[in-house]
Amino acid sequence: MGMSSFPSERLRRLRGSGALRRAFAETSLAPSDLIAPLFLKEGITEPAPIASMPNQFQHTIESLVKEARALASKGVAGVILFGVPSHKDDVGSEAWNPEGITQRGIRALKDELGDEALVIADLCLCEYTDHGHCGILKGEAVDNDPTIEAYGRIAVSLAGAGADLIAPSGMMDGQVGAIRSALDSAGHEMAPILAYSAKFASVFYGPFREAAEGAPRFGDRRSYQADPANIEEAVREALADIEEGADALMVKPAIGYLDVVRVVKEATGYPVAAYNVSGEYSMLMAAAEKGYLDERAATIEVLTSIRRAGADLVLTYHASKAAEWLA
Ligand code: PBG
């Protein structure tokens, strides 16, 4: 076969130098695409390392604000806060206490960050209930309708504390509508909702449950979170959330669910966030600690892949280091 028969298209031409590769990259990744999850624990005086999540801490208010300041200075888009109260009960009443740990954390974060970065409030009950489920129980099952009523109360208290976005993660039916109408009735009609629309019942939340102290005491979450086998259902969840007033959508986890990110983006045209969850983070960090993977290269590849799938924002525990690497 002579040279003349070689096809004129050579895809390698645009890969020949770093400058060519950068100029023709289809996907961008910047600190402003990243949201850092942060944990705030009531009643501790020093930040406590989370054993299953290297470099992550349960913060005090002081260390939380310091960490958020550092993140904002590196250009990250914002933080999402998970409060861990010292008092838990069967209905999770600390979740809507205007002086609760989460509400105090939001106020402190907003005071520090102003308009520099977002403070997103995760809205769920699992960190606040003594049984660790994401809602109010009837027998051993989560009772949907009283639960979304409670979510409405929680949303009002989180918006009242100054949260820029309310992010309900409990996967109850009608939760976005209940939260929207509670916010509107309380004068928070401009408080946006970032709905965890397609949240799957994933084993990759394991390390988070240590961090947020929200593991269920019995059973699991498969009667409310989606089955990992389902993608058409994920689209229906997203469309239902839009119908109920969601402003932006989330898919979670991210790495194993990139097809879901893509299809939710294409089916809705809405802003989509993807949550690169605790187990995805810890898996990469464990491999890096063992020397099996290069942490920096693996992190940038993973985050770029999530953006390529269609995510506008990536929630990730890698945010702090990734923002430095991307500076
Ligand atoms: C609360 C909540 C969970 C996560 C975010 N919000 C845990 C769960 O549903 O069990 C997981 C986040 C992560 O693993 O990083 N409902």
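Use the structure listed above.
Q: A description of the side chain of Asp33 should follow, citing residues and the corresponding values.
A: Along the chain, Asp33 turns up in the loop between helix 1 (18-23) and strand 1 (34-41). Taking relative accessible area as the criterion, Asp33 reaches 10% and is therefore assigned buried. At 2.7 Å, the side chain of Asp33 and the backbone nitrogen of Ala30 are in polar contact. Beyond its immediate sequence surroundings of up to four residues, Asp33 is in contact with Ser28, Arg307, Asp312, Leu313 and Val314.

Q: Can you tell me about the packing of helix 7 (residues 232-243) against helix 8 (residues 258-268), naming the residues and giving the values?
A: One way to put it is that helix 7 packs onto helix 8 with a least axis distance of 10 Å and a crossing angle of 40 degrees. Regarding the angle of helix 7 to helix 8, the classification is oblique. Note on packing geometry: the crossing formed by helix 7 with helix 8 is right-handed. Of the residues in helix 8, those touching helix 7 at Ala234, Val235, Ala238, Leu239 and Ile242 are Val260, Val263, Val264, Ala267 and Thr268. Residue classes in the contact of helix 7 with helix 8 are distributed as nine nonpolar, one polar and no charged.

Q: Please set out empty space enclosed by the protein residue by residue, giving values where relevant.
A: On inspection of all chains with the given rule, the structure shows three cavities of 30 Å³ or more. Considering only enclosed or pocket space, the largest cavity measures out at about 100 Å³ in volume. Residue lining of the largest cavity: 13 residues in total, with Cys126, Ser169, Lys199, Phe208 and Lys252 positioned closest to the centre. When its volume is computed, the second largest cavity comes out at roughly 70 Å³. Looking at the second largest cavity, it is lined by 13 residues, and the ones nearest its centre are Thr102, Asp122, Leu123, Cys124 and Tyr128. Secondary-structure elements contributing two or more residues to the lining of the second largest cavity are strand 4 (78-84), helix 3 (101-113), strand 5 (118-123) and helix 4 (144-161).

Q: An account of the nonpolar core is needed here, citing residue identities and associated values.
A: Membership of the largest hydrophobic core comes to 100 residues, with the highest contact counts inside it found for Tyr151, Ile166, Tyr275 and Ile306. For this core, the element with the most residues is helix 4, which contributes eight residues. Excluding residues within four positions of it along the chain, Ile306 makes contact with Ala254, Leu258, Ala274, Asn276, Ala311 and Val314.

Q: Pulling in residues and values, what's your account of helix 4?
A: Helix length check: helix 4 (18 residues) gives 26 Å between terminal C-alpha atoms against 26 Å at 1.5 Å per residue, within 8%. Regarding helix 4, the residues found buried are Asn144, Thr147, Ile148, Ala150, Tyr151, Gly152, Ile154, Ala155, Ser157, Leu158, Ala159 and Ala161. In this structure, the buried side of helix 4 is in contact with helix 3, strand 5, strand 7 (141-142), strand 8 (165-168) and helix 5 (175-185).

Q: Residues and numbers for the environment of Glu244, please.
A: Mapped onto the fold, Glu244 is located in the loop between helix 7 and strand 10 (248-252). Assessed through its relative accessible area of 23%, Glu244 is described here as partly exposed. As for Glu244 and Gly177, which are separated by 67 residues in sequence, their C-alpha atoms are 4.5 Å apart. Among all residues touching Glu244, those that are not within four sequence positions of it are Gly174, Gln175, Val176, Gly177 and Arg180. Reaching out from Glu244, the side chain makes a polar contact with the backbone nitrogen of Gly177 at a distance of 2.8 Å.

Q: Explain the site of the ligand to me, using residue names and the numbers behind them.
A: Of all residues adjacent to the ligand, which total 18 residues, the nearest are Lys199, Arg209, Lys252, Ser278 and Tyr317. Between the ligand and Lys199 there is a distance of 2.7 Å, counted from an oxygen atom to a side-chain nitrogen or oxygen. Judged by the proximity of its atoms to the pocket grid, the ligand belongs to the largest cavity. Residues belonging to the shell around the ligand are distributed by class as follows: ten nonpolar, three polar and five charged.

Q: Break down the pairing of strand 9 (residues 194-199) for me, citing the residues and quoting the values.
A: Counted residue by residue, strand 9 has six buried out of six residues, so it is predominantly covered. Pairing analysis gives five bridges linking strand 9 to strand 10, with the strands arranged parallel. Bridge pairing links Tyr196 to Met250 in strand 10.

Q: Let's hear about the layout of surface pockets: which residues, and what values?
A: Taken as a whole, the largest pocket spans an internal volume of roughly 260 Å³. In terms of lining residues, the largest pocket is bounded by 18 residues, among which Asn55, Gln56, Glu67, Tyr317 and Ser320 are the most central. Here the residues of the lining of the largest pocket are counted per class, giving nine nonpolar, six polar and three charged.

Cut-off values and rules
Residues numbered from 1 in each chain as written. Predicted model: local features only at pLDDT ≥ 70, side-chain atom pairs only at ≥ 80, totals over all residues. Heavy atoms only, no water. Helix = DSSP H or I, 4+ residues; strand = E, 2+ residues; numbered from the N terminus. Buried < 20%, exposed > 50% of the residue type's maximum accessible area, 1.4 Å probe, protein only. Polar contact = N/O pair within 3.5 Å; in protein donor to acceptor, adjacent residues only side chain to side chain. Contact = heavy atoms within 4.5 Å. Axes fitted to C-alpha atoms, helices over the stretch in contact; angles between N-to-C directions. Parallel < 35°, antiparallel > 145°, perpendicular 65-115°, else oblique. Left-handed = near helix turned anticlockwise from the far one by under 90°. Nonpolar A, V, L, I, M, F, W, Y, C, P; charged D, E, K, R; others polar. 1 Å grid on protein atoms, 1.4 Å probe; cavity = no way out; pocket = protein on both sides within 12 Å on 5 of 7 lines; lining within 4 Å. Points joined across faces, edges and corners; volume = space filled by probe spheres on them. Core = buried A, V, L, I, M, F, W, Y, C linked by side-chain atoms within 4.5 Å. Expected span 1.5 Å × (residues − 1). Near = heavy atom within 4 Å. Sits in = over half its atoms within 2 Å of the grid points. Pairing = 2+ DSSP bridges.

Interpretation note: all reported values are geometric properties and have no functional meaning in isolation.
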